[in-house]
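# Architecture at a glance
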Amino acid sequence: MQIAIVRHAETEANKARIIQGHKSTPLTARGRQQAAEIGGKLRNYGAFARIVSSDLARAKDTAALLAQSLFPCPVSNDARLRERGYGALEGQPVFSLKRMLVAGHTDMRSLQIPGGEDYAAFEKLVGTMREK
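The text that follows walks through the structure, step by step, so that each part is easy to find.

What counts and how
- Residues numbered from 1 in each chain as written.
- Predicted model: local features only at pLDDT ≥ 70, side-chain atom pairs only at ≥ 80, totals over all residues.
- Heavy atoms only, no water.
- Helix = DSSP H or I, 4+ residues; strand = E, 2+ residues; numbered from the N terminus.
- Buried < 20%, exposed > 50% of the residue type's maximum accessible area, 1.4 Å probe, protein only.
- Contact = heavy atoms within 4.5 Å.
- Areas by Shrake-Rupley, 256 points an atom, 1.4 Å probe, with all protein chains shown as cover.
- Lys, Arg positive; Asp, Glu negative; His and termini not counted.
- Charge placed at Lys NZ, Arg CZ, Asp CG, Glu CD.
- Core = buried A, V, L, I, M, F, W, Y, C linked by side-chain atoms within 4.5 Å.
- Expected span 1.5 Å × (residues − 1).
- Axes fitted to C-alpha atoms, helices over the stretch in contact; angles between N-to-C directions.
- Parallel < 35°, antiparallel > 145°, perpendicular 65-115°, else oblique.
- Left-handed = near helix turned anticlockwise from the far one by under 90°.
- Nonpolar A, V, L, I, M, F, W, Y, C, P; charged D, E, K, R; others polar.
- 1 Å grid on protein atoms, 1.4 Å probe; cavity = no way out; pocket = protein on both sides within 12 Å on 5 of 7 lines; lining within 4 Å.
- Points joined across faces, edges and corners; volume = space filled by probe spheres on them.

### Side note on the overall build of the chain
For the chain, the helix and strand inventory stands at five helices and two strands. Counting from the amino terminus, helix and strand elements in the chain follow one another as α-α-β-α-β-α-α. Structurally, the chain occupies a C-alpha span of about 50 × 35 × 20 Å along its principal axes. When burial is assessed residue by residue, the chain has 33% of its 132 residues classed as buried. Restricting to contacts in the chain with at least 6 residues of sequence separation, those with at least 24 account for 66%. Of the roughly 8,500 Å² that the chain leaves accessible, carbon and sulfur atoms contribute 55%. For the chain, the distance from the average site of its 20 positive side-chain charges to the average site of its 13 negative ones is 3 Å.

### Quick word on the nonpolar core
Counting eight residues, the largest nonpolar core consists of Ile19, Tyr86, Leu89, Val94, Leu97, Leu101, Leu111 and Ile113. Sequence-distant contacts of Tyr86, defined by excluding residues within four places in its chain, comprise Ile19, Gly21, Leu97, Met108, Ile113 and Gly116. Listed in part, the seven residues of the second largest apolar core include Leu42, Ile51, Leu66 and Ala67.

### Some details on helix α2 (residues 29-43)
The end-to-end C-alpha distance of α2, which contains 15 residues, comes to 21 Å, matching closely the 21 Å that a straight helix rising 1.5 Å per residue would cover. What α2 keeps buried is the set Gly31, Ala35, Gly39, Gly40 and Leu42. Looking at the buried positions of α2, the neighbouring elements they touch are α3 (57-69).

### As for the packing of α2 against α3
Contact geometry of α2 with α3 gives a least axis separation of 8 Å together with a crossing angle of 40 degrees. Here α2 is positioned oblique relative to α3, judged by the angle of their axes. In terms of crossing hand, the pair formed by α2 and α3 is right-handed. Contacts between α2 and α3 involve Arg32, Ala35, Ala36, Ile38, Gly39, Gly40, Leu42 and Arg43 on the former and, on the latter, Thr62, Leu65, Leu66 and Ser69. When the residues that make up the contact of α2 with α3 are grouped by side-chain class, the tally is six nonpolar, four polar and two charged.

### A word on the layout of surface pockets
If a probe the size of a water molecule is rolled over the atoms, the empty space left behind becomes visible. Here the largest pocket defines a volume of roughly 1,300 Å³. Contributions of two or more residues to the lining of the largest pocket are made by β1 (51-53), α3, β2 (75-77) and α5 (119-131). Here the element with the most residues in the lining of the largest pocket is α3; it accounts for five residues. Classifying every residue of the lining of the largest pocket by side-chain character gives 19 nonpolar, seven polar and nine charged.

### A short note on the environment of Ala63
With respect to the helices and strands, Ala63 occurs in helix α3. On the basis of relative accessibility, which here comes to 3%, the residue Ala63 falls in the buried class. If sequence neighbours within four positions are ignored, Ala63 has contacts with Ile51, Ser53 and Val75.

### Considerations on unusual backbone geometry
In the Ramachandran plot, Arg17 falls in the positive-phi region, its phi being about 60 degrees despite a non-glycine side chain. Here Arg17 lies in the loop between α1 (12-16) and α2. Phi at His105 is positive, roughly 45 degrees, even though this residue is not glycine. Tracing the chain through its elements places His105 in the loop between α4 (94-103) and α5.

Here you go:
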């Protein structure tokens, strides 16, 4: 079995350098084009049994666009595939996170973000997904 891992295409928040986390953000026109292009490239690898994506709009939309190129290819969504939740930082500029790291003299693994997902818990979730 072969597995292809594809990150969601460009979103409005990516373009504006805004932290997304669990915040659902739409793809840009460029993002929709990126997804269609990668779908065309993936088609060269043969048939795909299915696409599984996060349940956030950016991932669902990317998956749907990929599926158009890889038909027939069913798409399902799984909330466990979401990126780390950034709590109070979601919707804020990326420099807010950088400023928090510098002020706390810490790194991403140790940073405690108000309302955010603890890194150790996120890492544990990813580990349990690997085991399945």
